[in-house]
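# What the coordinates show
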Amino acid sequence: KTTFSDLTNRQHTLFTQHILEHGNRDHKKQLTALFGATLSEKDRPRITKLFTDSGALAYGEKVMRAHFSDATNAIERTHLPEQTKQELRTLVVAVRNRTS
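Residues numbered from 1 in each chain as written. Predicted model: local features only at pLDDT ≥ 70, side-chain atom pairs only at ≥ 80, totals over all residues. Heavy atoms only, no water.

### Observations concerning the overall build of the chain
A tally of regular secondary structure across the chain gives 6 helices and 0 strands. In the chain, the order of α-helices and β-strands from amino to carboxyl end is α-α-α-α-α-α. On C-alpha atoms alone, the chain measures out to a radius of gyration of 17 Å, which is more than a quarter above the 13 Å that the 2.2 N^0.38 rule sets for 100 residues. Looking at the chain as a whole, 26% of its 100 residues qualify as buried. Counted over contacts in the chain with a minimum sequence separation of 6, partners at least 24 positions apart contribute 57%. Per element, the accessible surface of the chain, about 7200 Å² overall, is 55% carbon and sulfur. Positive and negative side-chain charges in the chain, numbering 16 and 11 respectively, have mean positions lying 5 Å apart. (Helix = DSSP H or I, 4+ residues; strand = E, 2+ residues; numbered from the N terminus. Rg over C-alpha atoms; globule rule 2.2 N^0.38 Å. Buried < 20%, exposed > 50% of the residue type's maximum accessible area, 1.4 Å probe, protein only. Contact = heavy atoms within 4.5 Å. Areas by Shrake-Rupley, 256 points an atom, 1.4 Å probe, with all protein chains shown as cover. Lys, Arg positive; Asp, Glu negative; His and termini not counted. Charge placed at Lys NZ, Arg CZ, Asp CG, Glu CD.)

### Some remarks on the packing of helix 5 (residues 56-77) against helix 6 (residues 82-97)
At a closest axis distance of 10 Å, the pairing of helix 5 and helix 6 adopts a crossing angle of 175°. With respect to their mutual orientation, helix 5 and helix 6 come out roughly antiparallel. Between helix 5 and helix 6, the contacting residues are Phe68, Ala71, Thr72, Ile75 and Glu76 on the first element and Lys85, Leu88, Arg89, Val92, Val95 and Arg96 on the second. Counted by class, the contact of helix 5 with helix 6 contains 6 nonpolar, 1 polar and 4 charged residues. (Axes fitted to C-alpha atoms, helices over the stretch in contact; angles between N-to-C directions. Parallel < 35°, antiparallel > 145°, perpendicular 65-115°, else oblique. Nonpolar A, V, L, I, M, F, W, Y, C, P; charged D, E, K, R; others polar.)

### Concerning a nonpolar patch on the surface
Taken together, the side chains of Leu80, Leu88, Leu91 and Val95 make up a nonpolar region of the molecular surface, amounting to roughly 310 Å² of accessible area. Relative to the assigned elements, leucine 80 resides in the loop between helix 5 and helix 6. By relative accessible area, which is 38% here, leucine 80 ends up partly exposed. (Patch = residues over 30% accessible without salt bridge, like charges linked within 9 Å, V, L, I, M, F, W, Y side chains within 5 Å. Salt bridge = Lys/Arg side-chain N within 4 Å of Asp/Glu carboxyl O.)

### A closer look at the side chain of serine 54
With respect to the secondary-structure elements, serine 54 resides in the loop between helix 4 (44-53) and helix 5. Of the residues examined, serine 54 reaches a relative accessible area of 9% and is grouped as buried. A distance of 2.9 Å separates a polar atom in the side chain of serine 54 from the backbone oxygen of leucine 50. There is a polar contact of 3.4 Å between the side chain of serine 54 and the backbone oxygen of phenylalanine 51. Ignoring any residue separated from it by four or fewer positions in sequence, one finds serine 54 in contact with His18, Ile19, His27 and Lys49. (Polar contact = N/O pair within 3.5 Å; in protein donor to acceptor, adjacent residues only side chain to side chain.)

### Some words on unusual backbone geometry
Unusually for a residue other than glycine, arginine 10 sits at a positive phi of about 60°. Positionally, arginine 10 belongs in the loop between helix 1 (5-8) and helix 2 (14-22). Taking relative accessible area as the criterion, arginine 10 reaches 57% and is therefore assigned exposed.

### Focus on the nonpolar core
Side chains of nonpolar character tend, in soluble globular proteins, to be buried together. Judged by nonpolar contacts, Phe4, Leu7, Ile19, Leu31, Leu34, Phe35, Leu39, Ile47, Leu50, Phe51 and Ala56 together constitute the single largest core of 11 residues. Elements represented by at least two residues in this core include exactly helix 3 (25-34) and helix 4. At 3 residues, the largest contribution of residues to this core is made by helix 4. With residues near it in sequence (within four places) discarded, leucine 50 still touches Ile19, His27, Gln30, Leu31 and Leu34. (Core = buried A, V, L, I, M, F, W, Y, C linked by side-chain atoms within 4.5 Å.)

Structure below.
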């Protein structure tokens, strides 16, 4: 999946939904212009600025932290063997730290 494929394919994400629900008029206008557009690396700075300035990035990070915390807590509440719990913890960390 490419960096901008969600925008290019007009797919809504947690981040785009946040902009549509909470962004100002300019944020929404910018996002709408990006949907379906052919995007490249030269567009990255303005897309990053939009997602940062609108609060979408911070909101997404907050939601992800909550989900990772929930996953970790669920692992701890299970009656699985300790080795299995450790493997699951390792998986949560790997997913949390992935970059793409």
